[in-house]
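Residue-level structure breakdown
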Amino acid sequence: MVSPVTDTIYNSDQKEYIEGLNRGTFDLQWLKDERPTFGVHAKPRNPKRGLTLQDINAAFAGEPEDAPTTRVMAPRGAVYDDDLPDMGYTYNEKYLVWSDNVVALYEEATARQWSATRDIPWDKLKKLPEDIERAECQIATLLSEIEMIAADFPAKWLWQMNQHFHEVKMFLCTQAMDEARHLEVFRKRALANGGGLMHCLTGTEQFLKTILHAPTYVQGSFLMHILGEGIVLDIFRGGEFLAQNETEKEIYRLCMQDEARHVSYGTMHLKYYLENHPDREKALAEMHTLADVAELGIPGFLTNPFIIEPLAVLMGGGVKHIDQGMDAVRLIWGRMREEYLSRCELAGMDRRARTRIPAEAPY
Ligand SMILES: [Fe+2]
Ligand SMILES: [Fe+2]
């Protein structure tokens, strides 16, 4: 039996529709709508890889506009009601969030997810001399502390980015997941072999705070993706020398893959921002001013005994060989500076004549 259509639950359009249904009449407007994408067949360019976002974007010219006029969650390319609610996004221009490699990076990120529980050979972790174990755990503590900033920071801005740029938001979700896993794997390493969690430093957290509270996305992205994560990537790249066993080698190797994507997005985002900003010179000058201040933190980071001494112990092979380890730390200083300057250059912000990071370590 059909229940009576009450006055209180349904509005007049709904009542009319229900009455129509009860007479056997359907609306079927969804069958009559003009469909901009009807008839589109997106095929995988590489069937072995599967159907990528690049494939579907190419199939129906699904590239984002520079300045979409809508502020809605409706997917790009769909038919919209004309009174969809405004979501209140504040990042509504492509240059504020985009990078030309973000679609490819998202596909890579989803293809290369790994498990800190399953994919690390934890059974290869062996008892280490106390100085080595402590050094490994001091670095693991530092990494466990700092990794989640690169999830918190994008999460803070995510909802403010227009859904029209969904690829950027999806990529930042993979970054957040990567960082959760990095926190996890370094926390597990610290607690897996007797060393435990060690010392956390005020200076480190002050830098994390400047990222989290940066006034704009591009400023925080520069501090985090290009400066902070760039340095972390350099540490991961040296993982072969820091690792004492297969367990640690695999941890550093897998984290390095993830981190390279984050740094790559940030570098290419800054490039896109600077190339497409309506007032490029002003934008470039502002980013230089930010870098002038931010770079001053690097010499402090690389003269902190809780950071450089454990690195030297791991690379030298124990406290007895800390002098040899310091040779390696000096090399790291030069390499970090060089890689950072290269990233800035790639983004179109040449810092070579202006950088505040000394070319050589003062020790
Ligand atoms: Fe990370
Ligand atoms: Fe990262």
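Relevant structure appears above.
Residues numbered from 1 in each chain as written. Chains lettered and ligands numbered in written order. Predicted model: local features only at pLDDT ≥ 70, side-chain atom pairs only at ≥ 80, totals over all residues. Heavy atoms only, no water.

What about the overall build of the protein?
- A count of helical and extended segments in the protein gives 15 helices and 0 strands.
- With respect to the principal axes defined by its C-alpha atoms, the protein has extents near 90 × 55 × 45 Å.
- Among the 363 residues that make up the protein, the fraction classed as buried is 46%.
- By sequence separation, contacts in the protein at least 24 residues apart represent 76% of the contacts at least 6 residues apart.
- As displayed, the protein offers around 18,900 Å² of accessible surface, 55% of which is attributable to carbon and sulfur atoms. (Helix = DSSP H or I, 4+ residues; strand = E, 2+ residues; numbered from the N terminus. Buried < 20%, exposed > 50% of the residue type's maximum accessible area, 1.4 Å probe, protein only. Contact = heavy atoms within 4.5 Å. Areas by Shrake-Rupley, 256 points an atom, 1.4 Å probe, with all protein chains shown as cover.)

Here's the deal with the pattern of salt bridges
- Here the structure, examined in full by the defined rule, presents 25 salt bridges.
- The partner of Asp 292 in a salt bridge is Arg 354, and the shortest N-O contact between them spans 2.8 Å. You can see Asp 292 sitting in helix α12 (residues 280-294) and its partner Arg 354 sitting in the segment after α15 (322-346), a full 62 residues away along the chain.
- Given the relative accessible area of 14%, Asp 292 is considered buried.
- Here Arg 354 falls in the partly exposed class, since its relative accessible area comes to 36%.
- Here the salt bridges share partners, and the residues they tie into one network are Glu 108, Arg 112, Asp 178, Arg 181, Asp 258 and Arg 261. (Salt bridge = Lys/Arg side-chain N within 4 Å of Asp/Glu carboxyl O.)

Focus: the coordination of the iron ion (ligand 1)
- The iron ion (ligand 1) binds to the protein through Glu 147 (OE), Glu 179 (OE), His 182 (ND1) and Glu 259 (OE); the donor distances cover 1.8 to 2.2 Å.
- Here the iron ion (ligand 1) binds 4 donor atoms, and the angle range of 89 to 139° at the metal identifies the geometry as irregular.
- The sequence pattern describing where the donors of the iron ion (ligand 1) fall on their chain is E-x31-E-x2-H-x76-E.
- Distance-wise, the iron ion (ligand 2) is placed 3.2 Å from the iron ion (ligand 1), both being coordinated by Glu 179. (Donors = N, O, S within 2.8 Å, 3.2 Å for Na, K, Ca; no water. Tetrahedral: all angles 85-135°; square planar, octahedral: opposite > 155°, others 65-115°.)

Topic: the coordination of the iron ion (ligand 2)
- Coordination of the iron ion (ligand 2) by the protein comes from Glu 179 (OE), Glu 229 (OE), Glu 259 (OE) and His 262 (ND1), over a distance range of 1.9 to 2.2 Å.
- With 4 donor atoms in place around the iron ion (ligand 2) and angles of 92 to 148° between them, the coordination shape is irregular.
- For the iron ion (ligand 2), the donor residues sit on a single chain with the sequence spacing E-x49-E-x29-E-x2-H.

Observations regarding the packing of aromatic side chains
- Evaluation of the coordinates by the stated rule reveals 11 aromatic pairs.
- Pairing Phe 171 with Tyr 265 gives two aromatic rings, centres 5.3 Å apart and planes at 40°, and the pair type is tilted. In this pair, Phe 171 is assigned in helix α7 (residues 166-192) and Tyr 265 in helix α11 (residues 246-276), connecting sequence segments 94 residues apart.
- According to the relative accessible area criterion, Phe 171 is buried, its value standing at 0%.
- On the basis of an interplanar angle of 10° and a centroid distance of 5.8 Å, the ring pair of Phe 186 and Phe 236 is categorised as stacked. Taken together, the positions of Phe 186 in helix α7 and Phe 236 in helix α9 (residues 217-237) put the pair 50 residues apart, joining distant regions of the chain. In this pair, the class of Phe 186 matches that of Phe 236, namely buried.
- Here a set of aromatic residues connected by ring pairs shows up, and it is made of Tyr 91, Phe 153, Trp 157 and Tyr 217.
- The ring centre of Trp 98 lies 5.1 Å from the NZ or CZ of Lys 94, which sits over that ring. (Phe/Tyr/Trp six-rings, centres within 6.5 Å; stacked < 30°, edge-to-face > 60°. Lys NZ or Arg CZ within 6 Å of the ring centre and 35° of its normal.)

So, unusual backbone geometry
- Even without being a glycine, Leu 28 presents a positive backbone phi close to 60°.
- For Leu 28, the position within the fold is in the loop between α1 (12-22) and α2 (29-32).

Considering the environment of Leu 96
- By the secondary structure assignment, Leu 96 is in the loop between α3 (53-59) and α4 (102-111).
- Taking the relative accessible area as the measure of exposure, Leu 96 reaches 16% and is therefore buried.
- Distance in space between the C-alpha atoms of Leu 96 and Leu 270 is 9.0 Å, their sequence separation being 174 residues.

Remarks on α12
- Between its first and last C-alpha, α12 extends 21 Å over 15 residues, near the 21 Å set by a 1.5 Å rise per residue.
- Every buried residue belonging to α12 is among Ala 283, Met 287, His 288, Leu 290, Ala 291, Asp 292 and Ala 294, and all of these are buried.
- Where the residues of α12 are buried, they touch α9, α11, α13 (297-301) and α15. (Expected span 1.5 Å × (residues − 1).)

Observations concerning the packing of α9 against α12
- The contact between α9 and α12 brings their axes to 11 Å, and the two run at 50°. The orientation of α9 relative to α12 falls into the category oblique. The handedness of the crossing between α9 and α12 is right-handed. Of α12, the residues touching α9 (which contributes Val 218, Gln 219, Phe 222, Leu 223 and Leu 227) are Met 287, Leu 290, Ala 291 and Ala 294.
- Its residues assigned to classes, the contact of α9 with α12 shows 8 nonpolar, 1 polar and no charged. (Axes fitted to C-alpha atoms, helices over the stretch in contact; angles between N-to-C directions. Parallel < 35°, antiparallel > 145°, perpendicular 65-115°, else oblique. Left-handed = near helix turned anticlockwise from the far one by under 90°. Nonpolar A, V, L, I, M, F, W, Y, C, P; charged D, E, K, R; others polar.)

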